[in-house]
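# Topology and contacts: notes
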Protein chains: 2
Amino acid sequence: MATLADVARRAGVSTATVSRIINNSPKPVTEALRERVLAAVAELQFVPNANAQQLARAHRSAVGVIVHDVSDPYFAEITRGLQRVATDNGRLVIICNSYRDPERELAYVDLLHAHRTAAIILAGSGYHDAPITARLDRKLRLYQSTGGRVAVIGRHEHAGDAIVPENEHGGWLAGDALYRLGHTAVGVIAGPRHLTTTTDRLAGLRRAARDHGHRLTTRHIAYADFDRAGGAAAAAELLGRLPGLTALAALNDSMAVGALACLRERGVDVPGQVSVIGFDDMPISVDVTPRLSTVRLPLEEIGQRAMSLALREPADGRDGPLVEHAAATLVLRDSTVSR
Amino acid sequence: MATLADVARRAGVSTATVSRIINNSPKPVTEALRERVLAAVAELQFVPNANAQQLARAHRSAVGVIVHDVSDPYFAEITRGLQRVATDNGRLVIICNSYRDPERELAYVDLLHAHRTAAIILAGSGYHDAPITARLDRKLRLYQSTGGRVAVIGRHEHAGDAIVPENEHGGWLAGDALYRLGHTAVGVIAGPRHLTTTTDRLAGLRRAARDHGHRLTTRHIAYADFDRAGGAAAAAELLGRLPGLTALAALNDSMAVGALACLRERGVDVPGQVSVIGFDDMPISVDVTPRLSTVRLPLEEIGQRAMSLALREPADGRDGPLVEHAAATLVLRDSTVSR
DNA sequence: ACCCCTCAGGTAAGCGCTTTCCCGGAAGGC
DNA sequence: GCCTTCCGGGAAAGCGCTTACCTGAGGGGT
């Protein structure tokens, strides 16, 4: 394992010079020396120890990202956006999957803090659990107090920058579309109730119902996991519970796809008998039959913007945390028709 | 930013003692002292600097993973498996997206080497590009010579352990299924030609053709990107080129889904007029209409096994690199019928 | 009563870099 | 021709930990 000192010895210079050359620091160095050092680096196959560099250097470089699950297309899209911006800025990204477990999320914050990452990005956080939220908040504040930057994708409930998807408005868009099409018996396939994404989207749906003179009660709502299987199960439940059902609103596309599968299995025609609307506009939504109507969220862009926030110089505005919104838009395709 | 020394001072002990306690080293420490130190840690909100620890310690901990693209479901599944095992072993995973760019892949190997990760896992590597392969190989060997472990998912063409998916056999399974159903004019939607995944799967398809007394020539093959859009484009191309076409074999499911979309658009009935088979058995394959026949690869399991290989003690077998295979199996669903 | 062993805890030498400060020589000004 | 100014390069002090080695006190054996 060649070290900086080995290279210096080999090239007959001091370690300071080698360091300056491999980091091409502003300090000028004679061309001849530079070449000699570079040759020594190549001969010895020297790879600087990033841990030592990090320790000796003042500034931080890598960015840590905590997501629920990269294999979920929702987060995969966001992650893609995050990486793109990070790579463009020459930053290393450390991705951590919390698998929706708040404790693991907490542990990862510690871990990234310990590694002195330049920033921590929380994607899809937000739990309805006061003790957890408080602990998370404490940890994030501590991290910030040591110079780390924090960016959150989701609700703005922690110190730090945030990019906030219009979940409530999106829910309203979905509900409004359905009611406007004449549906009155609308079932809602919701995600886990302890996630704020669920409650925010649900709130929008509720508001839409009220706007059209209806009410969304517990009977109309089935909670399940934010995935295909959860969607299928919830759809089955609602079908049993709501005899006159003519429309289903799922709080994300994976669940909507699961619902579609469930309906197909039972011989219920979509959209003929039941209309279905999803949320997120994931790639899959145009590949199912019928093509899914949904509420679009610019996921990759959200990722890019979050990384930009995380990377911005703390200097450029001592004006506190920045909060940006990401617009939800309605995308009507083939799975919704008027009643 | 509290340091170990601060904690030591606060608790009135030496740094050695603090270090021993926070790492609960085997060296015994009086209970009273331990409590005092832990109290100081809590008061000062001390978070050890992982870089310093890494530098001072002999052993390495984190594992680096280089994948083509986490937002691709194929890699998302694999990554999921990798993480699971890593987390179970208390290891941090650093995920790097190469976006299928060999140069970036090379750069990431350096980066992970620099960070002195315990292991590097290459997922989906394999380029038909001798210079690149040679450079990659050199870098990996150097990394290994410094004590790093290497595991590759894909062809076993580098030093280090490997888990090898049966790509050739899988291709044969797909081809055999099609020919057995009576198809003779089979078009192949292939991935980028510089990827070994493409050529391996293609080779299997070729062998199946020969086994059934047919030949797969350039006319029958369209190369495109391994995604939905690529599949659609390639399908369009083959449709134009092969008038009598009755079956399409895509080298992954994303492309197959793209092909399905293209065929639907042109009013070609699947499987009535054209049968379609995919590869990988991604989640989406059961959600499209018709449900996709495909060749299944146990992706998550592959990830788990790769991580296990990467984590195994170098000691347990000085018997050189381990090579394991991952079986491909045929999954017939609704998109293939006999002619 | 003396010696040796045990064991909790401290001392200090690194780990591999970066960077401040300093030095000596060459160049420029008068 | 002498003094000042630059400028390339080196010495060395950390960065925040871990750990091999040492110390001193108490306990048991003879």
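Residues numbered from 1 in each chain as written. Chains lettered and ligands numbered in written order. Predicted model: local features only at pLDDT ≥ 70, side-chain atom pairs only at ≥ 80, totals over all residues. Heavy atoms only, no water.

Under an unreviewed UniProt entry, the name given to chain A is LacI family transcriptional regulator, and the source organism is Spirilliplanes yamanashiensis.

## Some points on the overall build of chain A
When its secondary structure is counted, chain A shows 12 helices and 12 strands. Taken against the 2.2 N^0.38 rule, which gives 20 Å for 339 residues, the C-alpha radius of gyration of chain A at 25 Å runs more than 25% over that of a compact globule. Projected onto the principal axes, the alpha-carbon positions of chain A cover approximately 85 × 35 × 30 Å. Per-residue burial over chain A gives 56% buried out of 339 residues. On chain A, roughly 13500 Å² of surface is accessible, and the fraction owed to carbon and sulfur atoms is 51%. Here chain A holds 39 positive side-chain charges and 37 negative ones, and the gap between their average locations is 3 Å. (Helix = DSSP H or I, 4+ residues; strand = E, 2+ residues; numbered from the N terminus. Rg over C-alpha atoms; globule rule 2.2 N^0.38 Å. Buried < 20%, exposed > 50% of the residue type's maximum accessible area, 1.4 Å probe, protein only. Areas by Shrake-Rupley, 256 points an atom, 1.4 Å probe, with all protein chains shown as cover. Lys, Arg positive; Asp, Glu negative; His and termini not counted. Charge placed at Lys NZ, Arg CZ, Asp CG, Glu CD.)

## What about the layout of surface pockets?
Roughly 1200 Å³ of volume is contained in the second largest pocket. Taken together, 48 residues make up the lining of the second largest pocket; nearest its centre are Ile-94 and His-115 of chain A together with Leu-92, Ile-94 and His-115 of chain B. Of all elements in the fold, only α4 (50-56) and α6 (102-114) of chain A together with α4 (50-56) and α6 (102-114) of chain B reach the threshold of two or more residues within the lining of the second largest pocket. If one sorts the elements of the lining of the second largest pocket by residue count, α6 of chain A sits on top with six residues. Along the lines of polarity and charge, the residues of the lining of the second largest pocket split into 19 nonpolar, 18 polar and 11 charged. (1 Å grid on protein atoms, 1.4 Å probe; cavity = no way out; pocket = protein on both sides within 12 Å on 5 of 7 lines; lining within 4 Å. Points joined across faces, edges and corners; volume = space filled by probe spheres on them. Nonpolar A, V, L, I, M, F, W, Y, C, P; charged D, E, K, R; others polar.)

## With respect to the protein's contact with DNA strand D
Taken together, 27 residues are adjacent to DNA strand D, and Thr-17, Lys-27, Pro-28 and Thr-30 of chain A together with Ser-19 of chain B come closest. Within 4 Å of the protein, the contacting atoms of DNA strand D are drawn from sugar and phosphate to the extent of 66%. Taking Thr-30 of chain A, its side chain carries an N or O atom lying 2.6 Å from a phosphate oxygen of DNA strand D. Between DNA strand D and Asn-23 of chain B, the relevant distance is 2.8 Å, taken from a phosphate oxygen to a side-chain nitrogen or oxygen of the residue. Every element with two or more residues in the surface near DNA strand D is listed here: α2 (15-22) and α4 of chain A together with α2 (15-22) and α4 of chain B. (Near = heavy atom within 4 Å. Polar contact = N/O pair within 3.5 Å; in protein donor to acceptor, adjacent residues only side chain to side chain.)

## Remarks on the protein's contact with DNA strand C
Close to DNA strand C lie 27 residues, the nearest being Ser-19 of chain A together with Thr-17, Arg-20, Lys-27 and Pro-28 of chain B. The sugar and phosphate moieties of DNA strand C supply 62% of its atoms located within 4 Å of the protein. Interatomic distance of 2.4 Å between a side-chain N/O atom of Thr-17 of chain B and a phosphate oxygen of DNA strand C. Contact between DNA strand C and Thr-30 of chain B: a phosphate oxygen at 2.7 Å from a side-chain N or O atom of the residue. Elements supplying a minimum of two residues to the surface near DNA strand C: α2 and α4 of chain A together with α2 and α4 of chain B. In terms of residue class, the surface near DNA strand C is made up of 13 nonpolar, nine polar and five charged.

## Examining the sheet that holds strand β6 (residues 186-190) of chain A
Residues and elements named next belong to chain A. Strands sit in the order β7-β6-β8-β9 across an open sheet of four strands; the sheet is parallel. Only two strands of the sheet have a single neighbouring strand rather than two, namely β7 (221-223) and β9 (275-277). Adjacent strand axes in the sheet meet at a mean angle of 15 degrees when their direction is disregarded. Pairing geometry for β6 and strand β8 (residues 247-250), over four bridges, is parallel. Bridge pairing links Gly-187 to Leu-248 in β8. Its contacts with the sheet place helix α8 (residues 167-180) against β6, β8 and β9, and it is angled at close to 170 degrees to β8. Together, β6, β7 and β8 form the strand contacts of helix α9 (residues 196-211), whose direction differs from that of β7 by roughly 170 degrees. (Pairing = 2+ DSSP bridges. Axes fitted to C-alpha atoms, helices over the stretch in contact; angles between N-to-C directions. Contact = heavy atoms within 4.5 Å.)

## What to know about the domain arrangement of chain A
Domain annotation of chain A identifies domain 1 (4-52), domain 2 (63-165 + 299-326) and domain 3 (167-296). One C-alpha centre belongs to domain 1 of chain A, the other to domain 3 of chain A; they are set 62 Å apart. (Domains from an automatic or database assignment.)

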